[in-house]
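Commentary on secondary and tertiary structure
Here is what each chain is made of, one letter per residue.
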Amino acid sequence: MEKLPKINIIYEDNHLLVVEKPINIPVCKDESNDLDLLSILKLYLKEKYDKKGNVYLGLVHRLDRPVGGIIVFAKTSKAASRLSNQIREHKITKTYYAVVENKIDNKGTLKDYLIKDNKTNITKTTTKDKGKEAILTYQKIKTIDNLSLIKINLETGRPHQIRVQFSSRNNPLYGDKKYNKKTNNDNIALFAKQLSFYHPITKELLSFELDLPKRYPFTLFK
């Protein structure tokens, strides 16, 4: 059995598991059949609590494979159901930081309709009658040369949403080989930095935040 990567456990109780997803690890099993985060965490729980048989861990939301940052899992089906409801009701706040190329406004709201081709794993902008609405707001934090660090709040959670919405406006994310054809780097500059939601049992507002990764191009903005 291959050695499991060490996962940064940010918060854990009887109902929740909040962790930092490493880059280039899928959240759950995909066609690559590579080791995925959900399986790693199930093994972690099985060993930590000496559990017999299968371990339940509910997938509530996802991060793209090349993207790192905060993600929450549910340790009970009740918690999973209530967190999923919060996502549908827009009560979960997900804040991302990204580095984009070319000139960009200081702040803005991006609205599009997106459609994903599951065969090619490519998302594209389309018309209202064909796609699903995608909305985000952003604020520019700093610009250095041709690169800008921006803070992004998602109002919807569509596949590859951030990557597609910015690339379609000539502001592709640094290192995004799928949607930035000019890049020579495959280390995408997108990070799930903050996550806030209500505890599914106690109703307490929980907020978590990580420092920006210590890798280029994020290090330009330290």
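The following paragraphs examine the structure supplied in this document. (Residues numbered from 1 in each chain as written. Predicted model: local features only at pLDDT ≥ 70, side-chain atom pairs only at ≥ 80, totals over all residues. Heavy atoms only, no water.)

Remarks on helix H2 (residues 77-88)
Convention followed: Secondary structure elements are taken from DSSP: a helix is a run of H or I of four residues or more, a strand is a run of E of two residues or more, and numbering for both begins at the N terminus. For a helix, the expected span equals 1.5 Å multiplied by the number of residues minus one. Each residue's exposure class comes from its accessible area (1.4 Å probe, protein chains only) as a fraction of the maximum for that residue type: buried when under 20%, exposed when over 50%, partly exposed otherwise. Here the arc refers to the set of directions running from the helix axis out to each C-beta atom. We call two residues in contact when some of their heavy atoms are within 4.5 Å.
The terminal C-alpha atoms of H2 lie 17 Å apart, and with 12 residues this matches the ideal 16 Å at 1.5 Å per residue to within 8%. Restricting attention to buried positions, one finds in H2 the residues Ala-79, Ala-80, Leu-83 and Gln-86. One side of H2 carries all its buried residues, which in axial view fall inside an arc of 120 degrees. Projecting away from the buried face of H2 at angles above 90 degrees are the exposed residues Ser-77 and Arg-88. Where H2 is buried, its residues touch strand S2 (16-21), strand S4 (68-74) and strand S10 (190-198).

Comments concerning the pairing of strand S9 (residues 147-154)
The line we're drawing: Only strands that DSSP links by at least two bridges are regarded as paired with each other.
Taking burial as the measure, the eight residues of S9 include six buried ones, the bulk of the element. Sheet analysis places strand S5 (residues 93-101) next to S9, joined by seven bridges and oriented antiparallel. Bridge assignment links Thr-95 to a residue of S9, and that residue is Asn-153. The sheet contact formed by strand S8 (residues 132-144) and S9 spans eight bridges and is antiparallel. Residue Lys-142 lies in a different strand from S9, and its bridge partner there is Leu-149. Where S8 folds back on S9, the antiparallel hairpin that results is connected by two residues, among which Asp-145 adopts a positive phi of roughly 55 degrees.

A short note on the nonpolar core
Generally speaking, soluble globular proteins have nonpolar side chains that are buried together. Put simply, the test is: The definition of a nonpolar core used throughout is a set of buried Ala, Val, Leu, Ile, Met, Phe, Trp, Tyr and Cys residues joined through side-chain atoms within 4.5 Å.
Phe-73, Ile-152, Ile-162 and Phe-166 are the most contacted members of the largest nonpolar core, which totals 33 residues. Going through the elements one at a time, S2, helix H1 (37-48), S4, S5, S8, S9, helix H3 (161-167) and S10 are the ones with two or more residues in this core. Considering every element that reaches this core, the biggest residue donor is H1, with five residues. Other than its neighbours up to four places away in sequence, Phe-166 contacts Val-100, Ile-104, Leu-110, Leu-136, Tyr-138, Ile-150, Ile-152, Asn-171, Pro-172 and Leu-173.

Details of the pattern of salt bridges
Keep this limit in mind: Each reported salt bridge corresponds to a side-chain nitrogen of Lys or Arg within 4 Å of a carboxyl oxygen of Asp or Glu.
This structure, assessed with the given rule, holds 11 salt bridges. Across the pair Lys-48 and Glu-12 runs a salt bridge, and its minimum N-O distance is 3.2 Å. One end of the pair, Lys-48, is in helix H1; the other, Glu-12, is in strand S1 (residues 8-12), with 36 residues separating them in the sequence. Here Arg-65 ties to Asp-34 by a salt bridge, and the two come within 2.5 Å at their closest N and O atoms.

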